[in-house]
Amino acid sequence: MSEKFLWGSATAAYQCEGAWDEDGKGASIWDEFCHSEANTTKITGDVSCDFYHHYQEDIKMMADCGQNTYRFSISWSRILPKEDHVVNQKGLEFYDKVLDECEKYGIVPNVTLIHYDLPDYIGAKGGWCYDGVSDEFAYYTKVCFEHFGERIPLYTTINEPNHNAYCNYCVGNYPPNEKNNLQDYAHCVYNMMVCNAKAIREFRKFNFKNAKIGYVHGCAPATALSDEPAYKEAVKKLDFFCNDPFTEPAIWGRYNPELVAEVKKLGIDLSFVKQEDLDIMKDNTIDFLGQNIYSRQLAKPYESGGTRFTVNNAGNNDGTKNTARETRAIEGWFETDRDPNTQLNKWGREIYPACAYSTLMLRKEKFGNIPIYITECGHGAYDIADENGYVEDDDRIEFLENYLHYILKAKEDGVNVKGFYVWSTMDLYSWINGYKKRYGLVRVDYDNGLKRIPKKSYYWYKDFISKHKDI
Ligand code: BG6
């Protein structure tokens, strides 16, 4: 793989592919959830922007924009539709065709092996809390490594295990929709990191010379608005919740004993932890970190109100109020803080470009020179199109320009940043936000045959890449 800086954009299988039951694909927990009563929005990813049938057009558009990399995910249930481990050749063929298209334009694939969409048969056994999930994941990833090999030079195991576990078991807005369940959160988090390590063990068996493996982390290191000791303690505890149980085993191959002791004090039963898993984690760490950058994680000392969690896309928040701010609190540990001086997007999420700098610098401070790809960064908004479907998304351009300013500054200041991916390549399904919250560089006209229309931000990104391609 060339060592040029990678400039691209990202999508995920359930969010863009559509074709949810085509060519032998099995159902994932997201198909199941979206088709069930639990999905109060009734919106699904059944068709979405139908990348399954539009991939050629979409990848050409990336190339025309000057993008030299594309991050996408593989749908596990397209490859292994049933629990009998029989491989669906049509599933492999689809991704072969996507890779052919990338190769045609010199686009480096950066491929995530799972982006939230566990097969339904794993969900039925307990999902991420099923103790067999890591062996199942290892088997699935082995099939991928064997088949795709070094055609994929950048693999990532799991997308945002932190955010996924949090939505699944704390907020309850993602399947299996459990709320405030710290016991299952801890179990899920642990199993995810065992999955990560076992997949890496499979990967290493192939001795690839031109392929590397990482995972994608979804939140910033915790920070605070005050230097007081109680705030520092809250920062540590927030990191114990959403950073350290992921980054430390993935990068260092071990857990911090203080974290383990504090988790036990919360009354969490850690009997699911096995020495043999810890040994596998120790020997199977990542080559690079995928870091998604959206906003800060501000901590303050716990005050009152008990353990509670809300996220910016919970329930029926349609983005019209921007009142549904993200809150997380663990009794006795921390509460998340709010800075009244920062701008928020329509879904209540802070827009704070300097967090890109602090995130990267803090990662470097703790983990040294590890290569980092910014695997997602983007702005969710209601886009208003003119009569030709053209969107002048100056807010998105401003967002990306400001975040990139800080990312490039961190690179100049020594962080080993190797690539950047706008979330998202084109408009797609935004989980339970549905389709109104848009992130794409390219508009998808859902009412007119899924027509693709590049937005102003697409042309802005093209120009930006051309000026920064040799950094
Ligand atoms: C990341 C996910 O958390 O943020 C994406 O990896 C997601 O899948 C993106 O779409 C934006 O979040 P949302 O909920 O606004 O779509």
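Heads up: the structure comes first, above all this text.
Student: Looking at this structure, I do not really get the pairing of strand S1 (residues 6-10). What am I missing?
Tutor: Taken residue by residue, a regular strand's side chains alternate between the two faces of the sheet. Counting buried positions along S1 gives five out of five residues, so the element sits mostly inside the fold. Every second residue of S1 is oriented toward a common face, with Leu6, Gly8 and Ala10 on one face and Trp7 and Ser9 on the other, all of them buried. Here five bridges tie S1 to strand S15 (residues 417-423), and the two strands are oriented parallel to one another. Bridging from a neighbouring strand, Leu6 pairs with Gly419 of S15. Note that S1 and strand S2 (residues 69-73) share three bridges and pair parallel. When the bridges of S2 are listed, Ser9 appears paired with Tyr70.

Student: Any chance you could explain the packing of aromatic side chains here in plain terms?
Tutor: Two descriptors summarise a pair of aromatic rings, namely the distance from one centre to the other and the angle between the planes of the rings. Within the structure shown, the criterion is met by 47 aromatic pairs. When the centroid spacing of 5.6 Å and the interplanar angle of 80° are considered together, the rings of Trp7 and Phe464 count as edge-to-face. Of this pair, Trp7 sits in strand S1 while Phe464 sits in helix H16 (residues 456-468); the two residues are 457 residues apart in sequence, bridging distant segments of the chain. For the residue pair Trp7 and Phe464, the accessibility class agrees, reading buried in each case. On the numbers, 6.3 Å between centres and 85° between planes, the contact of Phe51 with Phe94 is edge-to-face. Of this pair, Phe51 sits in helix H3 (residues 51-64) while Phe94 sits in helix H5 (residues 89-105), and the two are 43 residues apart along the sequence. Accessibility classification places Phe51 together with Phe94 in one group, the buried group. The ring of Tyr352 carries Arg296 above its face, with NZ or CZ at 3.4 Å from the centroid. Residue placement shows Arg349 over the ring face of Tyr294; its charged tip is 5.3 Å from the ring centre.

Student: Hey, could you run me through the site of the ligand in this one?
Tutor: Not every one of the 15 residues close to the ligand is listed here, only the nearest: Gln15, Glu160, Ser430, Lys437 and Tyr439. Within the side chain of Glu160, a nitrogen or oxygen atom sits 2.5 Å from an oxygen atom of the ligand. Between the ligand and Lys437, the relevant distance is 2.7 Å, taken from an oxygen atom to a side-chain nitrogen or oxygen of the residue. More than half of the atoms of the ligand fall within 2 Å of the grid points belonging to the largest cavity. The residue inventory of the shell around the ligand, partitioned by class, reads five nonpolar, seven polar and three charged.

Thresholds, definitions, all that
Residues numbered from 1 in each chain as written. Predicted model: local features only at pLDDT ≥ 70, side-chain atom pairs only at ≥ 80, totals over all residues. Heavy atoms only, no water. Buried < 20%, exposed > 50% of the residue type's maximum accessible area, 1.4 Å probe, protein only. Helix = DSSP H or I, 4+ residues; strand = E, 2+ residues; numbered from the N terminus. Pairing = 2+ DSSP bridges. Phe/Tyr/Trp six-rings, centres within 6.5 Å; stacked < 30°, edge-to-face > 60°. Lys NZ or Arg CZ within 6 Å of the ring centre and 35° of its normal. Near = heavy atom within 4 Å. Polar contact = N/O pair within 3.5 Å; in protein donor to acceptor, adjacent residues only side chain to side chain. 1 Å grid on protein atoms, 1.4 Å probe; cavity = no way out; pocket = protein on both sides within 12 Å on 5 of 7 lines; lining within 4 Å. Sits in = over half its atoms within 2 Å of the grid points. Nonpolar A, V, L, I, M, F, W, Y, C, P; charged D, E, K, R; others polar.

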